[in-house]
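Residue-level structural notes
One-letter residues, chain by chain:
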Protein chains: 2
Amino acid sequence: MAAGDRRMSEVRPAVINPDIAVERTAPSFQVEKLVSLLDGGAERTRIRRTVEHVIIADAVFSQENQYFLTQPEQYELAVKKAVHLRQKMEDLGWTDDGPEMWFAFRILGGNLAFAVHSGVFIPTITELGTDAQIAKWVPLARDYQIIGTYAQTELGHVGSSANHAVVLAQLYTQGKCHGMHAFIVQIRSLLDHSALPGVKIGDIGPKMGLEHVDNGYLMLQNIRIPKDNMLNRYSEITSDGRYIKKGSDRINYIAMVFTRVKIITEEMVTALSKACVIAIRYSVVRRQSKLKPGEMEAKILDYQTQQQKLLPQLATAFAFHFMASSLDTFCNQVKVQIKSKGDASSLPELHALSAGLKALISDACSAGVEACRRACGGHGYSKLSGLPSLYSRVVASCTYEGENTVLQLQTARFLIKCLNKIECGEPLPQSVSYLYEPITHDCSAKEKSDFLKPFLYIETYKHRAHRLIKDAGIKLQSLLQSGVEQHVAWNSTSVQLARAAVAHCHYIVVKNFVETLDGLKFEPEIQQVIKMLCDLYALTGILDNAGDFLHDGYLTGKQLDLMTACQLHLLSLVRKEAVSIADAFDYPDEQLNSAIGTYDGLAYQRLFEWAQKAPTNAKVNPAYEKYLKPRFRLAQSKL
Amino acid sequence: MAAGDRRMSEVRPAVINPDIAVERTAPSFQVEKLVSLLDGGAERTRIRRTVEHVIIADAVFSQENQYFLTQPEQYELAVKKAVHLRQKMEDLGWTDDGPEMWFAFRILGGNLAFAVHSGVFIPTITELGTDAQIAKWVPLARDYQIIGTYAQTELGHVGSSANHAVVLAQLYTQGKCHGMHAFIVQIRSLLDHSALPGVKIGDIGPKMGLEHVDNGYLMLQNIRIPKDNMLNRYSEITSDGRYIKKGSDRINYIAMVFTRVKIITEEMVTALSKACVIAIRYSVVRRQSKLKPGEMEAKILDYQTQQQKLLPQLATAFAFHFMASSLDTFCNQVKVQIKSKGDASSLPELHALSAGLKALISDACSAGVEACRRACGGHGYSKLSGLPSLYSRVVASCTYEGENTVLQLQTARFLIKCLNKIECGEPLPQSVSYLYEPITHDCSAKEKSDFLKPFLYIETYKHRAHRLIKDAGIKLQSLLQSGVEQHVAWNSTSVQLARAAVAHCHYIVVKNFVETLDGLKFEPEIQQVIKMLCDLYALTGILDNAGDFLHDGYLTGKQLDLMTACQLHLLSLVRKEAVSIADAFDYPDEQLNSAIGTYDGLAYQRLFEWAQKAPTNAKVNPAYEKYLKPRFRLAQSKL
């Protein structure tokens, strides 16, 4: 059994499309090793597969016919699945913080109700609550005896399920405002689910996607809550009404930061990698037009334009996968520092990084999923492809948990502060230490192969970030010096500041990809394939933003021509391994839920089969009897 | 009554949000004049408003609660509306080719069934049929006594309504293939709507959007049709089976070209202008964060980043509106040439232009609508904003009627042919005559104001198009000369060829915008506002593609810095007039159907009101009783 054949030998599809089978015959690497790398080790792969097996074997979790459900049906099923998973977990002895539950959530993420409850309400209590508060609320919440939501001054998050909310509100005591704090507020009766007095609540109505989740509006008027419902790990009100701070102000942001990091993996990177798998498999079974007269029609993945659409997305999925993993590690380090030593000094860097990366990654994953969807032509418009729901879901992440432009500007504010620190001779955090270095000039590349040297493209990205941050800083400074007010100067520079933040994060992602690569030196086969993807990611990003690199002559037009040739060549190399690389994400068909993206490549058969099950084919729409039949009969006599 | 107050004085909303009212107090131009310009004259404005009035007054056409309907309900209503419009038209004496019907289709476009029937089936017969065929089929089709569709070898277009199809198929006679021809094929019984023998037909199932349209699959096996059902204006089969050509082969493409031109206005530009109106109005009533400490929260349109997202889209909507109008004129000229003189010599140019522009405009309108949607934050994710359905609808146009990359490469093929003609000393069509000129060098701009000279930016776009076309041509040529086979050489150059085609079309759009501007010399007020939009469109396009212009040093980094300053200044100017400019699209609220984009600016009130009408608020989802109630009761005893 070849390593790449895992699905084949396990699931043994009776028939496999020869056009896809041939793609798997001679990969240059063992697919199973790449699977392990992506999972973070063979042991985690084993656990993930066990969890998948449990989920796939359980009919309640089936996604069959999901694309045919109405919104209320989707919501009902999502609640059923969430409650069922809880039962399953208890039966199987999976713990709340164990890897099984983590995988189960990742696998079922798109199909479970209560995302805000599990992903925001509970973590907020865990991060901001005292041990006693955690002990009181979290078990109830985990058992769905209460359903919690998260309420700020924006529509969203509340809906029809919740009976409690973490409300972020200004804390006033003894006539003084102490800023935003988190409070647990009961909003509905636990007996009959009616809204409590002073609470106006409802669903916000139909949305672009996320139909299985209920989002709502909430208005609170003259609500009293027990003092104990203020989450007070880091601050409290004494019984005589005094306010006591037990930690940094900044600590309030930490729950938000952790949520942001979590959704990068669960919502963004997963969506992009699924879309890549679907589109790449489809593109080797879909044939269209003859490349060469007299031959068969060509696989569309053999068209250079199709490679250009899809393969950089595949490389991007790897780039973000590794970035999310490093960010998660950093996040846990900061968590430990804070919890064990009360040291929150790394929080500004983590906040800036997570904000900027959340924006960069959600933008790129949304664009990438949509590129994959469109690359499947008309079939990408069919919900049965799985692609429309991936898009409508991932694109929401550009808006929630911090709108992307707002986040970019938060990162920019951190970067400008760093520039000021340099002037004062203060030390900088590691991720921005390059701002201390002198700005580099003129890329040294002379021939195509130079562009395959990671230090060279890291330098190139670093240069761009450095220049854009510096230029934005100079503009800001000169506006201030000419007497423009601070807020006007900031606003007048904001387009450039946002771009500088993006460039910084882009550099961080490339650098991290190369670091991952360096860590693979004992796995030459895998290192080689990752190197190819890393090169492709880095070069595509430079070519897509060519203006930034040409602007000050760091790169020349001639160098870009060489780089273009190099990137096109990389496309042809990645093309050969594309199906095996996509296989390494190891999504079972049941999880992809795509008629055109199954492992066996039987796209057309499955599309035809699924379409026939569509409710629109089960009965004639009433419009026929009501409006059309009499008219058609008139034509009968005339034709 | 001020010109900008038309809606106010006609509709007299009882309340208007003062934040939006103040935006309309002192426009630099008469809004009504801009309305006329967009409509193509005051008389057409009058007709449009009459049609709108009729439609709005008729309850059958109401869009109220549309976002709450299921897919089958949307389809049923769309059939009802289509049939009702036919009745209305007869009652009011509107003719099939008159401006009233044109406007009625444009206004109701998103809500009528049978788009393919009206937009493709009938026009194909009209273009490719003989007078006798037109007289036989078109009246039946217009009266919905038959419903026709269009069938090629791809899934789509057929669905549950159609009983006839125009099938594009290879014509064989006397053992010889004569290529693709169009045939009318009956596919369902006119009596009971059952599929005829040899016909397999059904709906393709759920899609990303266009729920009111049924798209289907069709398989034909051993179907015989009468010889008269071949559309034979340009070719026929004699009674003894001989094939006679009565016109150019290329003529078969003409129906496709006409459809393409029509959808640019009806599907793409309309979607973008609606999205702009919604997002701009929302952005002056939505306030978020304080720009200046101590002041009120700022209107989000006062943030530079928001201006950068929205205002170039507004300029783009104008650019494409004028482009579509010129293309339509060109199209009609070619039509007359062909029908009256049998002269199809302009068809290749029209085909190349319409293909490339369809791709450019559908890509940009999709990106623009999505940018507007995201710029409305979480509210842009609500269907009640009207924006999600605009996106899912417009993005389909990137795929249907010729997938965009395929179309770009068709345009590129034409451009490469033109290069070859130059070598042979043959004359070139007008739109590509610049390829004859020597390639220009080094933009002459020295200061900011230079970038507001239209001849300067036209030259800049021309240079880029010329260079990219030439470079692609050189690469292709050198591959061929090195012995690479034609099809391999083409494929290896296709990414660059597609980019060259885009650059050519971008130049055409800018040039056309300036020509429109020149035509307004007797309307200085309007010319001034259009000039501002033209400058903004042109400069944004250069900055967004900076690499292309820096590549060979045509522009320098310093010039781009000046241009950036110039573009940011333009944003602040357009900002001041943005609401009035958006008003000039003159969409009644009933047509926008957006809770956040109404003329009166009462976004929050309407959002709240509409959300309460959502079916999700009318009754408790069964999930509560089934899965949650018993759990919630457990918590009651513990809290």
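In this text, all values refer to a predicted model and were calculated from it rather than measured experimentally.

**Focus: the overall build of chain A**
Looking only at helices and strands, chain A features 22 helices and seven strands. The C-alpha radius of gyration computed for chain A amounts to 27 Å, which stays within 12% of the reference 26 Å derived for 639 residues, consistent with globular compactness. When its C-alpha atoms are laid out on the principal axes, chain A stretches across 85 × 70 × 60 Å. Accessible area of chain A: about 25,400 Å², with a carbon and sulfur share of 54%. When the 71 positive and 67 negative side-chain charges of chain A are each reduced to one mean point, those points stand 4 Å apart.

**Things to note about the sheet that holds strand β2 (residues 164-173) of chain B**
Residue and element names in this part refer to chain B. Spatial strand order, β1-β2-β3: three strands in an open sheet with mixed pairing. In the strand order of this sheet, the two ends are held by β1 (148-151) and β3 (176-186), each with one partner. Across this sheet, the average inter-strand angle for adjacent strands is 35 degrees, counted without regard to direction. By the bridge criterion, four bridges tie β1 to β2 in an arrangement that is parallel. Note that in β2 the partner of Tyr-150 across the bridge is Val-166. The strands that helix α7 (residues 115-128) touches are β1, β2 and β3; relative to β1, the one it contacts most, it runs at about 75 degrees.

**Some thoughts on the packing of helix α11 (residues 347-375) of chain B against helix α12 (residues 387-394) of chain B**
Residue and element names in this part refer to chain B. Running from N to C, α11 and α12 cross one another at 165 degrees; their axes reach a closest spacing of 9 Å. When the interaxial angle is binned, α11 and α12 end up roughly antiparallel. Considering how the two elements wind past one another, α11 and α12 form a crossing that is left-handed. Between α11 and α12, the contacting residues are Cys-365, Ser-366, Val-369, Glu-370, Cys-372 and Arg-373 on the first element and Leu-387, Pro-388, Leu-390, Tyr-391 and Val-394 on the second. Of the residues contributing to the contact of α11 with α12, the split by class is eight nonpolar, one polar and two charged.

**Details of the packing of aromatic side chains**
Evaluation of the coordinates by the stated rule reveals 25 aromatic pairs over all chains. Ring geometry for Tyr-434 of chain A versus Tyr-507 of chain A: centroids 4.8 Å apart, planes at 65 degrees, classification edge-to-face. Taken as a pair, Tyr-434 of chain A in the loop between α13 (404-423) and α14 (454-481) and Tyr-507 of chain A in helix α15 (residues 486-518) lie far apart in primary sequence, 73 residues in all. Judged by its relative accessible area of 2%, Tyr-434 of chain A is buried. Take Tyr-507 of chain A: its relative accessible area is 4%, and that puts it in the buried class. Residues Phe-320 of chain B and Tyr-537 of chain B carry aromatic rings whose centres are separated by 6.2 Å and whose planes lie at 75 degrees to one another, so their mutual orientation is edge-to-face. Placement of the pair is Phe-320 of chain B in helix α10 (residues 304-341) and Tyr-537 of chain B in helix α16 (residues 524-544), with a sequence separation of 217 residues. Across the pair, Tyr-537 of chain B and Phe-320 of chain B agree in class, each one buried. Of the aromatic side chains, those joined through ring pairs into one cluster are Phe-318, Phe-320, Phe-322, Phe-513, Tyr-537, Phe-585 and Tyr-587 of chain A. For Lys-335 of chain A, the ring lying beneath its charged end belongs to Phe-258 of chain A, and the centroid distance is 4.5 Å. The aromatic ring of Trp-490 of chain B is capped on one face by Arg-413 of chain B, whose charged end is 4.1 Å from the ring centroid.

**Quick notes on the interface of chain A and chain B**
Taken residue by residue, the interface counts 113 residues in chain A and 112 residues in chain B. Looking only at chain A, the three residues that lose the most surface to chain B are Tyr-381, Arg-631 and Phe-632 of chain A, adding up to 9% of its buried area. Residues Asp-143 of chain B and Arg-631 of chain A are paired through a salt bridge, measuring 3.3 Å at the closest nitrogen-oxygen approach. Residues that form the side of chain A that touches chain B fall into these classes: 50 nonpolar, 36 polar and 27 charged.

**Let's talk about the relation of the copies chain A and chain B**
Two chain copies, one operation linking them: a rotation about an axis together with a shift along it. Between the two copies, chain A and chain B, the superposition gives an RMSD of 0.0 Å; the rotation angle is 180 degrees and the shift along the axis is 0.0 Å. When the rotation and shift are considered jointly, the pair of chain copies conforms to a two-fold rotation axis. Minimal C-alpha distance to the rotation axis in chain A is attained by Gly-547 of chain A, lying at 1.8 Å. A shared interface surface links the copies, since 99% of the contact residues of chain A are contact residues in chain B too.

**Points about the environment of Lys-613 of chain A**
Residue and element names in this part refer to chain A. For Lys-613, the position within the fold is in the loop between α20 (603-612) and α21 (615-618). Spatially, the C-alpha atom of Lys-613 lies 8.8 Å from that of Phe-68, the residues being 545 residues apart in sequence. Here Lys-613 is in contact with Glu-64, Asn-65 and Phe-68, once residues within four sequence places are set aside.

**Remarks on helix α22 (residues 622-636) of chain A**
End to end, α22 of chain A covers 21 Å across 15 residues, agreeing with the expected 21 Å (1.5 Å per residue, within 8%). Where α22 of chain A bends most, the angle comes to about 60 degrees, and this point is Leu-628 of chain A, followed within four residues by the proline Pro-630 of chain A. Taken together, the buried positions of α22 of chain A are Ala-623, Tyr-624, Tyr-627, Leu-628, Arg-631, Phe-632 and Ala-635 of chain A. For α22 of chain A, the elements touching its buried residues are α5 (71-92) and α8 (131-142) of chain B. Where α22 of chain A begins, one side-chain oxygen reaches toward the backbone nitrogen of Ala-623 of chain A, 2.8 Å away; that side chain belongs to Asn-621 of chain A.

**Topic: unusual backbone geometry**
The phi angle at Asn-65 of chain A is positive, at roughly 65 degrees, despite the residue not being glycine. Looking at the secondary structure, you find Asn-65 of chain A in the loop between α4 (42-57) and α5 (71-92).

**Thoughts on the confidence of the model for chain A**
All names here are of chain A. Per-chain confidence: chain A averages 92 in pLDDT, with 96% of residues scoring 70 or above. Within chain A, the lowest mean pLDDT, 43, falls on helix α1 (residues 6-11), and the highest, 98, falls on helix α17 (residues 546-550). Per-residue pLDDT stays below 50 along residues 1-10; that stretch engages in 20 contacts with residues further than four places along the chain or on separate chains. Our summary of model confidence lists the complex with pTM equal to 0.95 and ipTM equal to 0.94.

**Focus on the nonpolar core**
Counting 412 residues, the largest nonpolar core has Phe-318, Ile-530 and Ile-581 of chain A together with Phe-318, Ile-530 and Ile-581 of chain B as its most contacted members. Ignoring sequence-local partners within four residues, the contact set of Ile-581 of chain A consists of Phe-29, Leu-34, Leu-314, Phe-318, Val-529, Met-532, Leu-533 and Val-574 of chain A. The next biggest cluster of nonpolar side chains, apart from the first, holds 13 residues, and it includes Ala-162, Ala-165, Val-167 and Val-199 of chain B.

**As for helix α12 (residues 387-394) of chain A**
Think of an α-helix as turning once every 3.6 residues; residues three or four places apart then point the same way. Counting buried residues in α12 of chain A gives seven out of eight residues, a clear majority hidden from the surface. Burial in α12 of chain A covers these residues: Leu-387, Pro-388, Leu-390, Tyr-391, Ser-392, Arg-393 and Val-394 of chain A. Contact partners of the buried residues in α12 of chain A: α9 (254-285) and α11 (347-375) of chain A together with α11 and α12 of chain B.

**Observations concerning the packing of helix α13 (residues 404-423) of chain B against helix α15 (residues 486-518) of chain B**
All names here are of chain B. It is at 8 Å that the axes of α13 and α15 come closest, and there the two elements cross at 90 degrees. What the angle tells us is that α13 and α15 run roughly perpendicular. Between α13 and α15, the residues in contact are Gln-408, Leu-409, Thr-411, Ala-412, Arg-413, Leu-415 and Ile-416 and Trp-490, Ser-494, Leu-497, Ala-498, Ala-500, Ala-501, Val-502, His-504 and Cys-505, respectively. Each residue belonging to the contact of α13 with α15 can be placed in one class, and the counts come to 11 nonpolar, four polar and one charged.

**A few points about the side chain of His-504 of chain A**
Assignment of secondary structure puts His-504 of chain A in helix α15. Contact partners of His-504 of chain A, with chain neighbours within four places excluded, come to Thr-411, Leu-415, Ser-431, Val-432, Tyr-434, Ala-465 and Ile-469 of chain A.

**With respect to the sheet that holds strand β2 (residues 164-173) of chain A**
All names here are of chain A. What the three strands build is an open sheet, ordered β1-β2-β3; its pairing is mixed. Every other strand in the sheet has two partners, leaving β1 (148-151) and β3 (176-186) as the edge strands with one partner each. Taking each pair of neighbouring strands and ignoring which way they run, the sheet shows an average axis angle of 35 degrees. Helix-sheet contacts for helix α7 (residues 115-128) involve β1, β2 and β3, and the interaxial angle to β1 is about 75 degrees.

Criteria and thresholds
- Residues numbered from 1 in each chain as written.
- Chains lettered and ligands numbered in written order.
- Predicted model: local features only at pLDDT ≥ 70, side-chain atom pairs only at ≥ 80, totals over all residues.
- Heavy atoms only, no water.
- Helix = DSSP H or I, 4+ residues; strand = E, 2+ residues; numbered from the N terminus.
- Rg over C-alpha atoms; globule rule 2.2 N^0.38 Å.
- Areas by Shrake-Rupley, 256 points an atom, 1.4 Å probe, with all protein chains shown as cover.
- Lys, Arg positive; Asp, Glu negative; His and termini not counted.
- Charge placed at Lys NZ, Arg CZ, Asp CG, Glu CD.
- Pairing = 2+ DSSP bridges.
- Axes fitted to C-alpha atoms, helices over the stretch in contact; angles between N-to-C directions.
- Contact = heavy atoms within 4.5 Å.
- Parallel < 35°, antiparallel > 145°, perpendicular 65-115°, else oblique.
- Left-handed = near helix turned anticlockwise from the far one by under 90°.
- Nonpolar A, V, L, I, M, F, W, Y, C, P; charged D, E, K, R; others polar.
- Phe/Tyr/Trp six-rings, centres within 6.5 Å; stacked < 30°, edge-to-face > 60°.
- Buried < 20%, exposed > 50% of the residue type's maximum accessible area, 1.4 Å probe, protein only.
- Lys NZ or Arg CZ within 6 Å of the ring centre and 35° of its normal.
- Buried area = accessible area lost by both parts, 1.4 Å probe.
- Salt bridge = Lys/Arg side-chain N within 4 Å of Asp/Glu carboxyl O.
- Least-squares fit on C-alpha atoms with pLDDT ≥ 70 in both.
- Expected span 1.5 Å × (residues − 1).
- Bend = angle between axes of the 7 residues up to and from the residue.
- Polar contact = N/O pair within 3.5 Å; in protein donor to acceptor, adjacent residues only side chain to side chain.
- pLDDT = per-residue confidence, 0-100.
- Core = buried A, V, L, I, M, F, W, Y, C linked by side-chain atoms within 4.5 Å.

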